[in-house]
Amino acid sequence: MIIEELTMDEFAGGLEKTRSIVIPFGSLEEHGPHLPLATDTMTAEKAARAASRLGDLFVAPAVPYGMCRSTANHPGTVSIRGNTLRGLVKDLAHDFYRQGLRNFILLSGHAGGTHMAALVEAGEELLSELEDIKVAVASLLDLAGPAWAEIAETERDSHAGEVETSLVLHFAPHLVKGRAAEEYPTFPKHILVRDKRRYWPGGVWGDPGAASPEKGGALLEAAARALWSLASRLESLDD
Ligand SMILES: [Zn+2]
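Note that the coordinates shown come from a computational prediction; the quantities given were computed from them, not determined experimentally.

**Q** Got a sec to walk through the pairing of strand E1 (residues 20–25)? Specific residues and values, please.
**A** Buried residues dominate E1, accounting for six of its six residues. Going residue by residue along E1, you find Ser20, Val22 and Pro24 tucked away on one face and Ile21, Ile23 and Phe25 tucked away on the opposite face as well. Pairing of E1 with strand E3 (residues 103–108), which is carried by six bridges, proceeds in the parallel orientation. The residue bridging Pro24 from the neighbouring strand is Leu107, located in E3. By the bridge criterion, two bridges tie E1 to strand E2 (residues 58–59) in an arrangement that is parallel. For Ile21, the partnering residue across the bridge sits in E2 and is Phe58. For the handedness criterion, the β-α-β arrangement of E1, helix H2 (residues 39–52) and E2 is classed as right-handed.

**Q** Lay out the coordination of the zinc ion in plain terms, naming residues and giving numbers.
**A** Donor atoms from the polypeptide that coordinate the zinc ion comprise His31 (NE2), Asp40 (OD), Glu164 (OE) and Glu164 (OE), at 1.9 to 2.8 Å from the metal. Because the angles between the four donor atoms bound to the zinc ion fall within 52 to 138°, the donor set is best described as irregular. In the primary structure, the donors to the zinc ion are separated according to the pattern H-x8-D-x123-E. Linking Asp40 in helix H2 with Glu164 in helix H6 (residues 162–171), this pair joins segments that are 124 residues apart in sequence. Each member of the pair, Asp40 as well as Glu164, is classed as buried.

**Q** How would you summarise H2 if you had to cite specific residues and measurements?
**A** Between its first and last C-alpha atoms H2 spans 20 Å; for 14 residues at 1.5 Å apiece the expected length is 20 Å, and the two agree. When you tally the buried positions in H2, you get ten out of 14 residues, the bulk of the element. Buried within H2 are the following residues: Thr39, Asp40, Thr41, Thr43, Ala44, Ala47, Ala48, Ala50, Ala51 and Ser52. Along its buried surface, H2 packs onto E1, E2, E3, helix H5 (140–151), H6 and helix H7 (213–236).

**Q** Quick one: what's the story with helix H1 (residues 8–17), residue by residue and with numbers?
**A** Turning to H1, its buried residues number three or more, namely Phe11, Gly14 and Leu15. Projected onto a plane normal to the axis of H1, the buried residues spread over an arc of 105° and lie on a single side. Opposite the packed face of H1, turned more than 90 degrees from it, sit the exposed residues Asp9, Glu16 and Lys17. Those residues of H1 that are buried lie in contact with E2.

**Q** An account of the packing of helix H3 (residues 82–98) against helix H4 (residues 113–129) is needed here, citing residue identities and associated values.
**A** Put simply, H3 and H4 touch, their axes get as near as 9 Å, and they point 40° apart. Looking at the two axes, H3 sits oblique to H4. For the element pair H3 and H4, the recorded crossing hand is right-handed. In this structure, H3 contributes Gly82, Leu85, Arg86, Val89, Lys90, Ala93 and His94 to the contact, and H4 contributes His115, Ala118, Leu119, Glu121, Ala122, Glu125, Leu126 and Glu129. The residue makeup of the contact of H3 with H4, split by class, is seven nonpolar, three polar and five charged.

**Q** Summarise the side chain of Glu30; cite the residues concerned and give the values.
**A** Position of Glu30 relative to the elements: it lies in the loop between E1 and H2. Buried charge Glu30 goes without a salt bridge, the closest partner of opposite sign being Arg197 at 7.4 Å. At a separation of 2.5 Å, a polar atom in the side chain of Glu30 contacts the main-chain amide nitrogen of Gly32. Not counting residues within four places of it along the chain, the set of residues in contact with Glu30 comprises Leu37, Thr71, His74, Pro75, Thr77, His159, Trp200, Gly202 and Gly203.

**Q** Please provide a residue-by-residue account of the pattern of salt bridges, values included.
**A** In this structure the tally under the stated criterion is eleven salt bridges. Across the pair Arg98 and Asp95 runs a salt bridge whose closest N-O atoms are separated by 2.7 Å. Taken together, the residues span about one helical turn, with Arg98 and Asp95 both in helix H3 at a distance of three residues. Here Arg98 falls in the exposed class, since its relative accessible area comes to 58%. Between Glu153 and Lys215 there is a salt bridge, with its nearest N and O atoms 2.5 Å apart. Placement of the pair is Glu153 in the loop between H5 and H6 and Lys215 in helix H7, with a sequence separation of 62 residues.

Cut-offs used in this document
- Residues numbered from 1 in each chain as written.
- Predicted model: local features only at pLDDT ≥ 70, side-chain atom pairs only at ≥ 80, totals over all residues.
- Heavy atoms only, no water.
- Buried < 20%, exposed > 50% of the residue type's maximum accessible area, 1.4 Å probe, protein only.
- Helix = DSSP H or I, 4+ residues; strand = E, 2+ residues; numbered from the N terminus.
- Pairing = 2+ DSSP bridges.
- Right-handed = clockwise from strand over helix to strand, strands pointing away.
- Donors = N, O, S within 2.8 Å, 3.2 Å for Na, K, Ca; no water.
- Tetrahedral: all angles 85-135°; square planar, octahedral: opposite > 155°, others 65-115°.
- Expected span 1.5 Å × (residues − 1).
- Contact = heavy atoms within 4.5 Å.
- Arc of directions from axis to C-beta.
- Axes fitted to C-alpha atoms, helices over the stretch in contact; angles between N-to-C directions.
- Parallel < 35°, antiparallel > 145°, perpendicular 65-115°, else oblique.
- Left-handed = near helix turned anticlockwise from the far one by under 90°.
- Nonpolar A, V, L, I, M, F, W, Y, C, P; charged D, E, K, R; others polar.
- Lys, Arg positive; Asp, Glu negative; His and termini not counted.
- Salt bridge = Lys/Arg side-chain N within 4 Å of Asp/Glu carboxyl O.
- Polar contact = N/O pair within 3.5 Å; in protein donor to acceptor, adjacent residues only side chain to side chain.

In structure tokens:
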């Protein structure tokens, strides 16, 4: 059930079937010279919508901004602060709670560490504020990674590489502008660097050359199954 497409009566009817909701989180972030800036938002939203076709599950409109650190100096990357993201998660969850939702899955297409930490922190606060809710937080990469490893060939693929290029080739091929070269960033360990692009010039982590629309279809299906399985586990969790 895609919330932005429901009428108020359909929304109320949906609550009779389930109290579970996925909120997709994305980012506006460089994805190499060949993928759109909203890749993470699109993948999270597509995966959530595909999961909702497997059973009763509400899908919230996607949040198109997140926290991006290592790509901050590349053209087009625009971030919000941790406080803003946590506040937004909490506002949305509290109001979806008021509307009757109880099981919350915060699904992120962007897997950055600081971004995920903000989602986890907001989720923990929600758990202590609302006694009868359940919360799950996962990036697509974490959630579907094991299944994706059976489909993708590149081993350390994580950003604008084989997986994301395949996914966008599958659901929006007109937005893929050729293929960037294989690349793996080499940031100095433990040190925060000002000029991040110097260590990651092309903004790709993996091998876009190995991508195909067929793989994209299989990757999306695997993500949908992993997400549906998480939704089912969350719903039946006795916490
Ligand atoms: Zn991405």
